[in-house]
Amino acid sequence: VAVKRITEIVQDILLLSEAEANALQFQPCSTDISKLCSDVIAMVVSSTGTQRNIELSIRENAINQAPVIDPKLVTYIITNLLDNALKYSNQDSKVEFFVDYTLNQITFSVKDEGIGISNEDLPHIFDSFYRANNVGNICGTGLGLAIVKQCVDLHKGEISVNSLIGNGTTFTVMLPLSN
């Protein structure tokens, strides 16, 4: 477990360094969103060793073509948001993952019923190595959301967060599509 954790930390630091050095490549291609999301959920659930259910809901708005995104960067985004949702919420709570896309935009929302993020912490959560004051002894490096922000920026997208202490957090990522 310790070796796996150290490997993840090193990978996160390398990815963040690559992004900050403008070496992280944006490589969009037509992507099967259902498969990508299902694969990421399976990976997150198996890596956390949890038996928890992530409720996935995809609304495709009757579009007959796959969205053009960078699947590698979107995988980083979804993985980190789902990892955090599971990490900072109780075993018996629900994690919802909603995807909606149109011809022009794809939106990912991850909602948990966890510990929440205080208003004082919100302006800093995308800073490298920053961790909210209420995380207690929950393991983390403060790199996940910094990576998410870099990946969203490479897509020229936006990320927002809505959170209440003790009532959970919802992260919403909107990425423009260039089909």
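Scroll up a little and you will see the structure.
Residues numbered from 1 in each chain as written. Predicted model: local features only at pLDDT ≥ 70, side-chain atom pairs only at ≥ 80, totals over all residues. Heavy atoms only, no water.

(A) Structural view of the overall build of the protein. What the protein contains, in helices and strands, is four helices and seven strands. In the protein, the succession of helices and strands from N to C terminus is α-β-α-β-β-α-β-β-α-β-β. Surface exposure of the protein reaches about 9500 Å², of which carbon and sulfur atoms provide 52%. (Helix = DSSP H or I, 4+ residues; strand = E, 2+ residues; numbered from the N terminus. Areas by Shrake-Rupley, 256 points an atom, 1.4 Å probe, with all protein chains shown as cover.)

(B) Seen up close, the pattern of salt bridges. With the rule as written, the count across this model stands at three salt bridges. The shortest N-O distance in the salt bridge between K35 and D39 comes to 2.8 Å. Of this pair, K35 and D39 both sit in helix α2 (residues 33-48), separated by four residues, roughly a single helical turn. Its relative accessible area of 42% is what places D39 among the partly exposed residues. In this structure, D153 engages K149 in a salt bridge whose closest nitrogen and oxygen atoms are separated by 2.8 Å. Remark: K149 and D153 occur in helix α4 (residues 144-154); sequence separation between them is four residues, near one turn of the helix. Judged by its relative accessible area of 29%, K149 falls in the partly exposed class. (Salt bridge = Lys/Arg side-chain N within 4 Å of Asp/Glu carboxyl O. Buried < 20%, exposed > 50% of the residue type's maximum accessible area, 1.4 Å probe, protein only.)

(C) Spatial organisation of the packing of aromatic side chains. Taken as a whole, this structure holds two aromatic pairs when the rule is applied. Taking the centre distance of 6.4 Å and the plane angle of 75 degrees together, the rings of F126 and F171 count as edge-to-face. Note that F126 is positioned in the loop between β5 (105-111) and α4 and F171 in strand β7 (residues 168-176), a separation of 45 residues in sequence. Residue F171 is classed as buried on the basis of its relative accessible area of 8%. (Phe/Tyr/Trp six-rings, centres within 6.5 Å; stacked < 30°, edge-to-face > 60°.)

(D) Spatial organisation of the pairing of β7. Examined bridge by bridge, β5 and β7 share seven bridges and lie antiparallel to one another. The residue bridging F108 from the neighbouring strand is V173, located in β7. Where strand β6 (residues 158-164) meets β7, seven bridges bridge the pair, whose relative direction is antiparallel. The residue bridging V161 from the neighbouring strand is F171, located in β7. Between β6 and β7, which pair antiparallel in sequence order, lie three residues; one of them, G166, sits at a positive phi of approximately 80 degrees. (Pairing = 2+ DSSP bridges.)

(E) Broad picture of the side chain of T75. Examined against the element boundaries, T75 turns out to sit in helix α3 (residues 71-87). Within the structure, the side chain of T75 is placed 2.7 Å from the backbone oxygen of P71, a separation counted as a polar contact. (Polar contact = N/O pair within 3.5 Å; in protein donor to acceptor, adjacent residues only side chain to side chain.)

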